[in-house]
Amino acid sequence: MSGAGSAGSTGKLSDEEGGRLAGRWWKWALSAPDDRCPVQDTTGEHAAWKQPDDLWFLAGTYGGRVVRRCAVPSDRSFFFPVLNMQHTRLYSRVPQSMEVAEATASLNSVPLPLQEFTAPFRTGLVQRYAWGIWGGFAPLTPGAYVLEIKARATNGFWVDTTYHLESKAP
């Protein structure tokens, strides 16, 4: 996911690199206090909460429909879940996943490639496993963009998230 330029350009991540990013995303998401949690946020107000310096995470949801509006820097690549979960090693010693019925993401109506990643990660002393269908894209030139994420698992869980992104020079 390196390089600058067009909205739809992205590179395919290796399983190792994607797994590391999935673990980083979960550490970011799990560390947020409830009152500033980007995953619980239904407006985009907390999208910038403790973003790393080298890329920009977009939050998933706890299910259902969410529309978020936020400003994002034009100099960073993006990484986001379409459908994901995590659990502790105490829950299961092997990574768990969901059976996916549908998973799509598009930026300004251009479909984005998605990849499945599973990886171990730690929060403090707790060993965890991440699983998910993930997407990403290269830095955006300044302007307005619409990211649409839709997914459905066979167990009935679903997400329908729309991001209205305003890319701005840092």
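A quick note: this is a predicted structure, and the numbers were derived from the prediction, not measured.

A. Quick peek at the environment of P113. Tracing the chain through its elements places P113 in the loop between β5 (110–111) and β6 (114–123). As a C-alpha pair, P113 and K12 span 101 residues in sequence and 8.3 Å in three-dimensional space.

B. Spotlight on the state of the cysteines. A full pass over the atoms with the stated rule returns zero disulfides. No disulfide involves C37; its sulfur sits 14 Å from the nearest other cysteine sulfur, which is in C70. Exposure remark for C70: the relative accessible area of 9% places this residue in the buried category.

C. Spotlight on the pairing of strand β9 (residues 158–168). Taken together, the ten bridges between strand β2 (residues 64–73) and β9 define a ladder with parallel strand orientation. Among the inter-strand pairings, R69 is bridged to a residue of β9, identified as H164. Two elements, strand β8 (residues 143–153) and β9, share ten bridges in a ladder whose sense is antiparallel. Residue pairing in the sheet places A151 in a bridge with V159 of β9. Taking the residues that link successive antiparallel strands as the turn, the β8-β9 hairpin has four residues, and the phi of G156 there is positive, at about 100°.

Quick notes on the rules
Residues numbered from 1 in each chain as written. Predicted model: local features only at pLDDT ≥ 70, side-chain atom pairs only at ≥ 80, totals over all residues. Heavy atoms only, no water. Helix = DSSP H or I, 4+ residues; strand = E, 2+ residues; numbered from the N terminus. Disulfide = S-S within 2.5 Å. Buried < 20%, exposed > 50% of the residue type's maximum accessible area, 1.4 Å probe, protein only. Pairing = 2+ DSSP bridges.

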